[in-house]
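Residue-level structure breakdown
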Amino acid sequence: MAETALAPPGRTTRRVRVVTSVTIVVAVALAVLIVPPVAQLDEQAVDLAAKLRPPTWAHPFGTDDVGRDLLLRCVYGLRVSLLVGLVAALTATVLGTAIGALAAAFGGWTDRVVMRLVDTFSSVPHLLLGIFIVAMFRPGVWPVIISVALTHWLSTARIVRSEVLSLRSRPFIDAAVSGGASRGRVIVRHLLPGVLPQAGLAAVLMVPHAMWHESALSFLGLGLPAHQASLGNLVQSARGSLLAGDWWPTLFPGLFLIIPTLALAGLAGAWRDRINPRRKSELML
């Protein structure tokens, strides 16, 4: 009885949240990896006789304004959005980790110049800078990935820099330097492994952010080509249907964007509590 009274509140809720998040992420991964090659269906197939049909057994998500199956297009759109999110997040994390670690490890004028550069880029809104970058290329997946990666490494660089500065004051770093370890060896063997958990957490949190960024660019007509299925394009093409009272062309692409975002945020929260036990204990009080 005493153990039950002393048990941290919310532990069951956190466990349920993690299990739910993992289930959603696994389901999304299976959907985007298995459905397109197994279904062998053309998500661009037009059937004007079946346009704007509400959800039925034949079309669980209904059809769009030219009769294309919305379920299939949502799966393909989620596949593209996840590709952009994963590649852009990985690229931005590697770039931010390298820049932040080098700035903190070398210190001095190198640190000052790099951080002023980070502050300069941070002063410009991400979306505005992303629009400027994609405007220099033809619409496609890779310009969007480049745009997201070049506008999202800043927060990772700041996080990694602060972690490296904290690690530099630890006794084992002093011992390595006293033992004759070069600066490069200290960075590679001691500093980078210490910041990898935080960098990984930043990458996981960046994936949904990158997905939303891609969707915003596609919604504005600056991301992927209009004919290519992406969640931003699906929402953009459904605006007219929504004004006419047809809710399903907007609802389901929006859910395909929101639900994976919440699931990834839940996993990131569990990861954050695991690598930062002090914060977890504070939350349990």
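Quick caveat, the model's predicted, so the values are computed rather than measured.

It is worth spelling out helix 7 (residues 154-168) at this point. Between its first and last C-alpha, helix 7 extends 21 Å over 15 residues, near the 21 Å set by a 1.5 Å rise per residue. Listed as buried for helix 7 are Leu-154, Thr-156, Ala-157, Val-160, Val-164 and Leu-167. Relative to the axis of helix 7, the buried residues are bounded by an arc of 145° and lie together on one face.

Here Ser-230 shows up in the loop between helix 9 (183-219) and helix 10 (231-237). We classify Ser-230 as buried; its relative accessible area is 0%. At a separation of 3.3 Å, a polar atom in the side chain of Ser-230 contacts the side chain of Glu-214. The contacts of Ser-230, once residues within four sequence positions are left out, are Gly-77, Val-80, Glu-214, Ser-218 and Leu-224.

On to helix 3 (residues 70-106), then. Given a rise of 1.5 Å per residue, 37 residues ought to cover 54 Å, and the 53 Å separating the end C-alpha atoms of helix 3 matches this to within 8%. Residue Asp-69 occupies the N-cap position of helix 3, its side-chain oxygen lying 3.3 Å from the main-chain nitrogen of Leu-71.

Evaluation of the coordinates by the stated rule reveals five aromatic pairs. Judged by centre distance (4.1 Å) and plane angle (5°), the ring pair of Phe-61 and Phe-252 falls under stacked. Placement of Phe-61 in the loop between helix 2 (11-39) and helix 3 and of Phe-252 in helix 12 (residues 248-275) is noted, with a sequence separation of 191 residues between them. The class of Phe-61 is buried, set by a relative accessible area of 16%. The rings of Phe-61, Trp-247, Trp-248, Phe-252 and Phe-256 are connected pair by pair, giving a single aromatic cluster.

Here the focus is empty space enclosed by the protein. A full pass over the atoms with the stated rule returns one cavity of 30 Å³ or more. Its residues assigned to classes, the lining of the largest cavity comprises four nonpolar, two polar and two charged.

A few words on the nonpolar core. Core analysis: the largest hydrophobic core is formed by 27 residues, its most contacted members being Leu-78 and Phe-256. For this core, the secondary structure elements donating two or more residues are helix 2, helix 3, helix 4 (108-122), helix 7, helix 9, helix 10 and helix 12. When residues of this core are assigned to their parent elements, the largest contribution, eight residues, is made by helix 3. Apart from the residues lying within four places of it in its own chain, the contact partners of Leu-78 are Val-28, Val-32, Met-211, Leu-231, Phe-256 and Pro-260. Residues Ala-105, Ile-173, Val-195 and Ala-199 belong to the second largest nonpolar core, which totals twelve residues.

A cluster of nonpolar side chains, contributed by Leu-95, Phe-132, Met-136, Phe-137, Ile-146 and Leu-150, occupies part of the molecular surface with about 550 Å² of accessible area. Position of Met-136 relative to the elements: it lies in the loop between helix 5 (126-134) and helix 6 (141-151).

Here the focus is the pattern of salt bridges. Counted under the stated rule, the structure contains five salt bridges. With its nearest N and O atoms 2.9 Å apart, the salt bridge here joins Asp-119 to Arg-116. In this pair, Asp-119 and Arg-116 are both assigned in helix 4, three residues apart and thus about one turn of the helix distant. For Asp-119, a relative accessible area of 31% translates into the label partly exposed.

Let us now look at the packing of helix 3 against helix 7. At a closest axis distance of 7 Å, the pairing of helix 3 and helix 7 adopts a crossing angle of 40°. You can see that helix 3 and helix 7 cross each other, and the crossing is right-handed. Taking contact as the criterion, the partners of Thr-93, Gly-96, Thr-97, Gly-100, Ala-101, Ala-104 and Ala-105 in helix 3 are, on helix 7, Thr-156, Ala-157, Val-160, Arg-161, Val-164, Leu-165 and Arg-168. Residue classes in the contact of helix 3 with helix 7 are distributed as seven nonpolar, five polar and two charged.

A few words on the environment of Pro-197. Assignment of secondary structure puts Pro-197 in helix 9. A residue is classified by how much of its surface remains accessible, and Pro-197, at 33% relative accessible area, is partly exposed. The spacing of Pro-197 and Trp-271 is 74 residues in sequence and 8.8 Å in space, taken between C-alpha atoms.

A few words on the confidence of the model for the chain. Summary statistics for the chain give a mean pLDDT of 79 and a share of 85% for residues scoring 70 or more. Across residues 1-7, confidence stays below pLDDT 50; counting only partners more than four residues off in sequence or on other chains, it has zero contacts.

Relative to the elements of secondary structure, Asp-246 occurs in the loop between helix 11 (239-243) and helix 12. Setting aside anything within four residues of it in sequence, one finds Asp-246 in contact with Leu-52 and Ser-241.

By the element assignment, Asp-111 lies in helix 4. Of the residues examined, Asp-111 reaches a relative accessible area of 10% and is grouped as buried. Measuring from C-alpha to C-alpha, the distance between Asp-111 and Ala-101 comes to 9.6 Å, with ten residues separating the pair along the chain. Sequence-distant contacts of Asp-111, that is, excluding residues within four places in its chain, are made with Ala-103, Ala-104 and Arg-161.

Rules behind the numbers
- Residues numbered from 1 in each chain as written.
- Predicted model: local features only at pLDDT ≥ 70, side-chain atom pairs only at ≥ 80, totals over all residues.
- Heavy atoms only, no water.
- Helix = DSSP H or I, 4+ residues; strand = E, 2+ residues; numbered from the N terminus.
- Expected span 1.5 Å × (residues − 1).
- Buried < 20%, exposed > 50% of the residue type's maximum accessible area, 1.4 Å probe, protein only.
- Arc of directions from axis to C-beta.
- Polar contact = N/O pair within 3.5 Å; in protein donor to acceptor, adjacent residues only side chain to side chain.
- Contact = heavy atoms within 4.5 Å.
- Phe/Tyr/Trp six-rings, centres within 6.5 Å; stacked < 30°, edge-to-face > 60°.
- 1 Å grid on protein atoms, 1.4 Å probe; cavity = no way out; pocket = protein on both sides within 12 Å on 5 of 7 lines; lining within 4 Å.
- Points joined across faces, edges and corners; volume = space filled by probe spheres on them.
- Nonpolar A, V, L, I, M, F, W, Y, C, P; charged D, E, K, R; others polar.
- Core = buried A, V, L, I, M, F, W, Y, C linked by side-chain atoms within 4.5 Å.
- Patch = residues over 30% accessible without salt bridge, like charges linked within 9 Å, V, L, I, M, F, W, Y side chains within 5 Å.
- Areas by Shrake-Rupley, 256 points an atom, 1.4 Å probe, with all protein chains shown as cover.
- Salt bridge = Lys/Arg side-chain N within 4 Å of Asp/Glu carboxyl O.
- Axes fitted to C-alpha atoms, helices over the stretch in contact; angles between N-to-C directions.
- Left-handed = near helix turned anticlockwise from the far one by under 90°.
- pLDDT = per-residue confidence, 0-100.

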